[in-house]
Amino acid sequence: MDDADVRILRALQEDGRLTNNDLADKVSLSPSQCSRRRAALEASGVISSYHATLSSEALGLDVLVFVHVTLSTHSPNNADNFQTLVENLDEVQEAYSLTGESDYLVKLSVPTLKVLSRLLSDVFLPHPSVAHVRSSLVLDRLKQTNRLSLKHLRGQAAVSN
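Here the residue numbers are simple positions, counted from 1 along each chain's written sequence. Local features are withheld for residues below a pLDDT of 70 in this predicted model, meaning they are given only at 70 or higher, and side-chain atom pairs are given and counted only at 80 or more; totals for whole chains, interfaces and linings count all residues. The basis for every side-chain value is the complete set of heavy atoms in the structure, and neither hydrogens nor water enter the calculation.

(A) Structural view of the packing of helix H1 (residues 3-14) against helix H2 (residues 20-27). The N-to-C vectors of H1 and H2 enclose an angle of 125 degrees; their axes lie 10 Å apart at closest approach. If you check the angle between H1 and H2, you find them oblique. Like other packed secondary-structure pairs, H1 and H2 cross with a definite hand, here right-handed. Between H1, through Arg7, Ile8, Ala11, Leu12 and Glu14, and H2, the contact on the second element is made entirely by Leu23, Lys26 and Val27. Classifying every residue of the contact of H1 with H2 by side-chain character gives 5 nonpolar, no polar and 3 charged. The axes used here are C-alpha line fits, helices contributing only the stretch in contact, and every angle between their N-to-C directions lies in the interval 0 to 180 degrees. Segments assigned H or I by DSSP are reported as helices when at least four residues long, segments assigned E as strands when at least two residues long, and all are numbered from the N terminus. When describing relative orientation, an angle under 35 degrees is termed roughly parallel and one over 145 degrees roughly antiparallel, while 65 to 115 degrees is termed roughly perpendicular and anything else oblique. Whether a crossing is left-handed or right-handed is set by the direction in which the near helix is turned from the far one by less than a right angle, anticlockwise for left-handed and clockwise for right-handed. Whether two residues are in contact is decided by their heavy atoms: any pair within 4.5 Å suffices. Three residue categories are used. Nonpolar comprises Ala, Val, Leu, Ile, Met, Phe, Trp, Tyr, Cys and Pro, charged comprises Asp, Glu, Lys and Arg, and polar comprises the others, including Gly.

(B) Spotlight on a negative patch on the surface. Residues qualify for a patch when their relative accessible area is over 30% and they have no salt bridge, like charges being joined within 9 Å and the nonpolar side chains of Val, Leu, Ile, Met, Phe, Trp and Tyr within 5 Å. Note that accessible areas follow from Shrake-Rupley with a 1.4 Å probe, and for residues the cover is restricted to the protein chains shown. By convention in these notes, a salt bridge is any Lys or Arg side-chain nitrogen within 4 Å of a carboxyl oxygen on Asp or Glu. Counted charges follow a simple rule, with Lys and Arg positive, Asp and Glu negative, and His plus the chain ends left uncounted. Working definition for charges: the position is that of NZ of Lys, CZ of Arg, CG of Asp or CD of Glu. Taken together, Glu14, Asp15, Asp22 and Asp25 make up a surface patch of like negative charges. With a 1.4 Å probe rolled over the protein chains alone, any residue whose accessible area is under 20% of its type maximum counts as buried; one over 50% counts as exposed, and the rest are partly exposed. Judged by relative accessible area, Asp25 falls into the exposed class, the value being 62%.

(C) Spotlight on the layout of surface pockets. Size it by volume and the largest pocket reaches roughly 1,300 Å³. Buriedness for pockets is judged along seven lines, at least five of which must meet protein on both sides within 12 Å for an open set on the 1 Å grid over protein atoms alone, while cavities are sets there where a 1.4 Å probe fits but cannot get out, and lining residues have an atom within 4 Å of a point. Around the largest pocket, the lining comprises 35 residues; the ones closest to its centre are His51, Ala52, Thr53, Asn146 and Arg147. Elements that contribute at least two residues to the lining of the largest pocket include exactly H1, strand S2 (92-97) and strand S3 (104-110). Each residue belonging to the lining of the largest pocket can be placed in one class, and the counts come to 12 nonpolar, 13 polar and 10 charged. Grid points are joined across faces, edges and corners, and a volume is the space filled by probe spheres set on the points.

(D) Seen up close, helix H3 (residues 31-43). What a helix should span is 1.5 Å times the count of its residues minus one. For H3, which comprises 13 residues, the first-to-last C-alpha distance of 18 Å matches the rise-based estimate of 18 Å (1.5 Å per residue) to within 8%. Buried residues in H3 make contact with H1 and H2. At the C-terminal side of H3, Gly45 shows a positive phi close to 90 degrees.

(E) Main features of the sheet that holds strand S1 (residues 63-71). Strand pairing is assigned whenever DSSP detects at least two bridges linking the two strands. Reading across the sheet, the 4 strands line up as S2-S3-S1-S4 and stay open at both edges, with antiparallel pairing between neighbours. Both outer strands of the open sheet, S2 and strand S4 (130-137), are each paired with one neighbouring strand and no more. Sheet twist, expressed as the mean angle between neighbouring strand axes with direction ignored, is 20 degrees.

(F) The arrangement of the packing of H2 against H3 in detail. Orientation of H2 relative to H3, taken along the N-to-C sense of each, is 100 degrees, at an axis distance of 9 Å. On the basis of the axis angle, H2 is roughly perpendicular to H3. Contacts from Asn20, Asn21, Leu23, Ala24 and Val27 of H2 reach H3 at Pro31, Cys34, Ser35 and Arg38. Looking at the contact of H2 with H3 residue by residue, the classes come out as 5 nonpolar, 3 polar and 1 charged.

(G) Inspection of the nonpolar core at higher detail. To qualify as a nonpolar core, a set must consist of buried Ala, Val, Leu, Ile, Met, Phe, Trp, Tyr and Cys residues joined through side-chain atoms within 4.5 Å. Counting residues in hydrophobic clusters, the biggest one holds 21 residues, and the most contacted among them are Val67, Val69, Phe82, Val106, Leu108 and Phe124. Contributing elements (two or more residues each) for this core: S1, helix H4 (76-87), S3, helix H5 (113-124) and S4.

Shown next as structure tokens:
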């Protein structure tokens, strides 16, 4: 990966809807070079997808919560059961397996506290794989991004715009 690839990645992280010509202008490449490089970045998996980022607030999903989950037993089957649970809940935006006090951290977006209460009481707590649940409501979002830092890439091209 060279500086031109890093410029392409930076530009696409900022606006994934750039046409090839606009992207080429922005990164100072010919359209054919830009198209070839972009296709190679997609084929290699560096660019994994393109999507629209929706506003949770505009859609009425006003409650953001992080749920720490401790499993009842530590076994592959129990972990698989919990993974199936979170995969099947549309309210779950992200879920991570952790080290430390909790086994999992689950990020939920819901419209109301009542919906959150129902999810915790009727879905998470009675699930056989779950022993303990601790939730933290988000009061204010300080930063939200899907952009990755590119500073570590070749030539430190990501440091300058």
